[in-house]
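Residue-level structure breakdown
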Amino acid sequence: MNIVLLGMNHKSAPLELRERLTIACGEEEQTVDHVKNLPQVKEALYLATCNRVEVLAAVDDPDSAVEQLKDFIVTHGNLPLDDMEACIYRYRDEEAVRHLFRVASSLDSMVMGEPQILGQVKDAYRASVERKATGVLLNRLLHHAFRVAKRVRTETGISSNAVSVGYTAVTLAKKIMGHLAGKTVLIVGAGEMAELVTRHLVKNGVESIIVANRTVENARTIAESFDGRVVGFESLPGAVGEADIIITSTGASGYVIDRGMIAGALRRRRNRLLFMIDIAVPRDIDPAAAAMDNVYLYNIDDLQSVVDENLQTRLVEAEQAGRIIEDEVENFERWRHSLAVVPAIVDLRQKVESITRREFDRCGGWMDTLNEEDRQNVEGLVNGIINKILHEPVTGLKEVCEDGGAEEYVAALRRLFGLEDDFRR
Amino acid sequence: MECCIFKTALVVYCISTAVFAVSMLAKRVALAKLAAAALGFAVLLHTVFILWHWAVSGISPVVNIYEALSFVAWAVSGSYLVFQAKTKTSVLGAFVSPPVLLLMIAASAGIAGPGEIDSSLETYWVTVHVIFTLTGTAFFALACCAALMYLVQDRLIRKRKVSDFIRLLPSLGDLDKINHVSVVWGFLLLTVGIVSGSFWARTAWGEHLLWDAKQVATLAAWVLCALLLHQRLAIGWKGKRAAYLSIGAFIILLFSFVGVNMFFPTVHRF
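**Overview of the pattern of salt bridges**
All names here are of chain A.
- Scanning all chains against the criterion turns up 28 salt bridges over all chains.
- One salt bridge connects R336 with D93, and the closest N-O pair in it is separated by 3.5 Å. Taken as a pair, R336 in helix α13 (residues 300-362) and D93 in the loop between β4 (89-92) and α5 (94-104) lie far apart in primary sequence, 243 residues in all. Considered together, R336 and D93 belong to a single accessibility category, that of buried residues.

**Describing the packing of aromatic side chains**
- Here the structure, examined in full by the defined rule, presents 10 aromatic pairs over all chains.
- Aromatic side chains F139 of chain B and W185 of chain B sit 6.3 Å apart centroid to centroid with 25° between the ring planes, which places their arrangement in the stacked category. Of this pair, F139 of chain B sits in helix α5 (residues 124-158) while W185 of chain B sits in helix α7 (residues 172-205), and the two are 46 residues apart along the sequence.
- Residue F139 of chain B is classed as buried on the basis of its relative accessible area of 13%.
- Centre to centre, the rings of F187 of chain B and W222 of chain B are 5.1 Å apart; their planes meet at 20°, and the pair counts as stacked. Residue F187 of chain B is located in helix α7, and its partner W222 of chain B is located in helix α8 (residues 213-235); the two are separated by 35 residues in the primary sequence.
- One aromatic cluster in this structure is built from F101, F332 and W335 of chain A.
- The residue whose ring lies beneath K122 of chain A is F146 of chain A, and the NZ or CZ to ring-centre distance is 5.5 Å.
- A cation sits over an aromatic face here: R158 of chain B above Y296 of chain A, 4.5 Å from the ring centre.

**Focus on α7 of chain B**
- Compared with the 50 Å implied by 1.5 Å per residue over 34 residues, the 47 Å span of α7 of chain B between its first and last C-alpha is a close match.
- After α7 of chain B finishes, the residue G206 of chain B shows a positive phi value of roughly 85°.

**Comments concerning the environment of A242 of chain B**
Residues and elements named next belong to chain B.
- Its place among the elements puts A242 in helix α9 (residues 240-263).
- Overall, A242 belongs to the buried group, its relative accessible area being 0%.
- It is 6.6 Å that separates the C-alpha atoms of A242 and L228, two residues lying 14 residues apart in sequence.
- Apart from residues no more than four positions distant in its own chain, A242 is found in contact with N179, L228, R232 and W237.

**Quick look at the environment of E207 of chain A**
Residues and elements named next belong to chain A.
- Position of E207 relative to the elements: it lies in the loop between α9 (192-203) and β6 (208-212).
- Taking the C-alpha atoms as reference points, E207 and S64, separated by 143 residues in sequence, lie 59 Å from one another.
- The contact partners of E207, leaving out residues within four places of it in the chain, are A181, G182 and K183.

**Some thoughts on the domain arrangement of chain A**
- Domain annotation of chain A identifies domain 1 (2-155), domain 2 (165-307) and domain 3 (337-424).
- The C-alpha centroid of domain 3 of chain A is placed 40 Å from the C-alpha centroid of domain 1 of chain A.

**Describing a nonpolar patch on the surface**
- A surface patch of nonpolar side chains, amounting to about 590 Å² of accessible area, comprises L254, F255, V258, M262, F263 and F264 of chain B.
- By the secondary structure assignment, V258 of chain B is in helix α9.

**Looking at the nonpolar core**
- Judged by nonpolar contacts, the single largest core of 114 residues is most densely connected at L201, I245, I247 and F275 of chain A together with Y13 and L134 of chain B.
- Per-element tally for this core: the top contributor is α5 of chain B, with 19 residues.
- L134 of chain B has contacts with V62, A68, F71, V72, F257 and F270 of chain B, leaving out every residue within four places of it along the chain.
- L5, L45, V103 and A145 of chain A belong to the second-largest nonpolar core, a separate cluster that totals 37 residues.

**Description of empty space enclosed by the protein**
- Taken as a whole and judged by the stated rule, the model has 5 cavities of 30 Å³ or more.
- When its volume is computed, the largest cavity comes out at roughly 110 Å³.
- Forming the boundary of the largest cavity are 13 residues, of which A104, S105, S106, E114 and R153 of chain A lie nearest the centre.
- Broken down by secondary-structure element, the contributors of at least two residues to the lining of the largest cavity are α6 (116-130) and α7 (136-155) of chain A.
- At 3 residues, α7 of chain A tops the list of elements feeding residues into the lining of the largest cavity.
- By residue class, the composition of the lining of the largest cavity is 7 nonpolar, 4 polar and 2 charged.
- What the second largest cavity holds in volume is close to 50 Å³.
- Considering the residues around the second largest cavity, the lining is formed by F49, I50, H53, P61, V62, E67, S70, F71 and I111 of chain B.
- Here the residues of the lining of the second largest cavity sort into 6 nonpolar, 2 polar and 1 charged.

**Points about unusual backbone geometry**
Residues and elements named next belong to chain A.
- The omega torsion of the bond from V281 to P282 falls at -5°, within 30 degrees of zero and hence cis.
- In this fold, P282 is placed in the loop between β9 (274-278) and β10 (295-299).
- In this structure, S106 is a non-glycine residue whose phi angle is positive, near 70°.
- Following the sequence through the fold, S106 ends up in the loop between α5 and α6.
- For S106, a relative accessible area of 3% translates into the label buried.
- With phi around 50°, R270 is a residue other than glycine that occupies positive phi space.

**Looking at the sheet that holds β6 of chain A**
Residues and elements named next belong to chain A.
- As summarised here, the arrangement of the 6 strands in space is β7-β6-β5-β8-β9-β10, forming an open sheet in which the pairing is parallel. Strand pairing shows two members of the sheet lacking a second neighbour, β7 (229-231) and β10, which therefore form its edges. Sheet twist, expressed as the average angle between the axes of neighbouring strands with direction ignored, equals 20°.
- Note: strand β8 (residues 245-248) against β9, 4 bridges, orientation parallel. Residue pairing for β9: I247 is matched across the bridge by I277.

**Concerning the packing of helix α3 (residues 65-87) of chain B against α5 of chain B**
Residue and element names in this part refer to chain B.
- Running from N to C, α3 and α5 cross one another at 55°; their axes reach a closest spacing of 8 Å. Classified by the angle between their axes, α3 and α5 sit oblique to one another. At the point where α3 passes α5, the crossing takes the right-handed sense. In this structure, α3 contributes A68, F71, V72, A75, V76, S79, Y80 and F83 to the contact, and α5 contributes I131, L134, T135, A138, F139, A141 and L142.
- Here the residues of the contact of α3 with α5 are counted per class, giving 13 nonpolar, 2 polar and no charged.

**Digging into the interface of chain B and chain A**
- At the junction of the two partners, chain B supplies 28 residues and chain A supplies 26 residues.
- Of the roughly 2200 Å² buried at the junction of chain B and chain A (both faces included), carbon and sulfur atoms supply 44%.
- For the pair chain B and chain A, the interface holds 1 salt bridge.
- Residue K240 of chain B is joined to D293 of chain A by a salt bridge in which the shortest nitrogen-to-oxygen separation is 3.7 Å.
- Sorting the residues of the side of chain B that touches chain A by element identifies α5, α6 (164-168), α7, α8 and α9 of chain B as the ones contributing at least two each.
- Sort the elements by how many residues they give to the side of chain B that touches chain A and α5 of chain B lands first, with 5 residues.
- Residues that form the side of chain B that touches chain A fall into these classes: 11 nonpolar, 5 polar and 12 charged.

Reading the values: the criteria
- Residues numbered from 1 in each chain as written.
- Chains lettered and ligands numbered in written order.
- Predicted model: local features only at pLDDT ≥ 70, side-chain atom pairs only at ≥ 80, totals over all residues.
- Heavy atoms only, no water.
- Salt bridge = Lys/Arg side-chain N within 4 Å of Asp/Glu carboxyl O.
- Helix = DSSP H or I, 4+ residues; strand = E, 2+ residues; numbered from the N terminus.
- Buried < 20%, exposed > 50% of the residue type's maximum accessible area, 1.4 Å probe, protein only.
- Phe/Tyr/Trp six-rings, centres within 6.5 Å; stacked < 30°, edge-to-face > 60°.
- Lys NZ or Arg CZ within 6 Å of the ring centre and 35° of its normal.
- Expected span 1.5 Å × (residues − 1).
- Contact = heavy atoms within 4.5 Å.
- Domains from an automatic or database assignment.
- Patch = residues over 30% accessible without salt bridge, like charges linked within 9 Å, V, L, I, M, F, W, Y side chains within 5 Å.
- Areas by Shrake-Rupley, 256 points an atom, 1.4 Å probe, with all protein chains shown as cover.
- Core = buried A, V, L, I, M, F, W, Y, C linked by side-chain atoms within 4.5 Å.
- 1 Å grid on protein atoms, 1.4 Å probe; cavity = no way out; pocket = protein on both sides within 12 Å on 5 of 7 lines; lining within 4 Å.
- Points joined across faces, edges and corners; volume = space filled by probe spheres on them.
- Nonpolar A, V, L, I, M, F, W, Y, C, P; charged D, E, K, R; others polar.
- Pairing = 2+ DSSP bridges.
- Axes fitted to C-alpha atoms, helices over the stretch in contact; angles between N-to-C directions.
- Parallel < 35°, antiparallel > 145°, perpendicular 65-115°, else oblique.
- Left-handed = near helix turned anticlockwise from the far one by under 90°.
- Buried area = accessible area lost by both parts, 1.4 Å probe.

Written as structure tokens, this is what we have:
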């Protein structure tokens, strides 16, 4: 059996195409059924995320299967053929295995190293299993892919650095305060980015939120979504003293928080560490505050440059991950090749057994003259000789096939022992 | 046999330090955990050695400068392990293990069987004085390590370039807490050490305070430490200033511990 994989991702196809396909395919379960019902397809898996649509299948005749799957995608998605040709990638066997491993390990993701994709692949696999669309090959392949993804995550730093502004803020806050449980965040100004960063912080344990805004109405909507409290600008100095993390994003032209306000707050908060993130342009917090003891000030450019640097690190880590994947692709391929000889070996054993049975039947009259013990001895002797003779060719065949090139040996075996199709009936 | 245990402990300390160094270079926390485990084993061996030594000598495990060095090394690594178990900051060990190793190497130069002891020193006051003062010093060493790490981490975060080291080093909050707790413990132990020493000085020489160089230096460190604790508790000093002050206190203590005997006449054998 062969493995084929067809699909498109954020690199190969524009968003509109992927969108149309995802919508047309609808529920994963249905699509799996459709693919499974194609005549060439033995096992199938369908993966759709916001950045990719892929069909993975175990097939007997890869050439015609690829055509069928492509036709399926084109007709199913109601897409113009010309557009599609360039957008769909097709992989076969080793390439397909490699691609799947890369996808599961998040090397093929838009944000390399993002952790969601592994969960999405697992979900897709679960859907396939539920529709009974997987078999020996895909089961083994997917489990292998999950293992590879885990190995990549633990052995490389590919997902260890923050690559979003929100997550970077969380990492920094943790490195400053130790933990975020019970900390207070002050949001000054009602910007979208500030809200996003706050959401990340809340997810990591921050408990109370204060929102300060010139117009109290806008502040109220944000405060409600975080279960926080609203203060007017006039009580900002007090709020600064209360907060551990301050995020500013007002449209003000001057500094909203100056050195004096921070110095006063520090006195009141007995120098508890203060982390300030200034997302606003022009800036809201006097940059001179960065030099103060126990105060850590980052602006949007600082955070962005951290993100950029981390993305660079991920590229380096991706190389190491690539080596792990090559390793594992080789392992899997060895197993898959050895799979090719299994039917031949089964046939060989069956044939030998049927010969033995026939020969014993032929000797029936003579065998009957023996007593029970002797008869068993004769049978044992014959079976022993057969097993000894078969042992070396069978293990040798398995070994040879692990390194590829199974077809020739299998063909030779079938030819030599007369295991052609007429035998299999 | 005793010597053999000591040497084995020394080797394990050495391995632990090396693994810590590799963990910092490779920036892998898992290695630091391994190194911490090795350190634990070394401390165990070291404890056996000290107890054995105590049992053989009968009076005190610490009667000369080499034994004192070895004892401080033991106290530093032992108290570090307790902190590590509580705060899960195994990376701190990378800063603690090199000085411990140096102490052990220095100690190995002269550590031998039971040393001779003056009859005037054969009293429990001395044992108490020595053990408490040295353990106190060990805590200050730990506070100093945490303070140094604090300063490094503070600088890294202020540089606004997130390197792998930021990720590797503990958070500022944790480091400040470790520093504070070490200083409190060091202060308490040192106080007991100083008081017991002065009582014994009274019985031996008739005066609590002899204006001995070592006494003066240690008292200076004690006053500095008292000042630090006061500032922390009264006006909430934190972070860098506390770090600098605890480093200062440790340097004075260190001078008092190993430097005084080289430059000044003193009644202290070490």
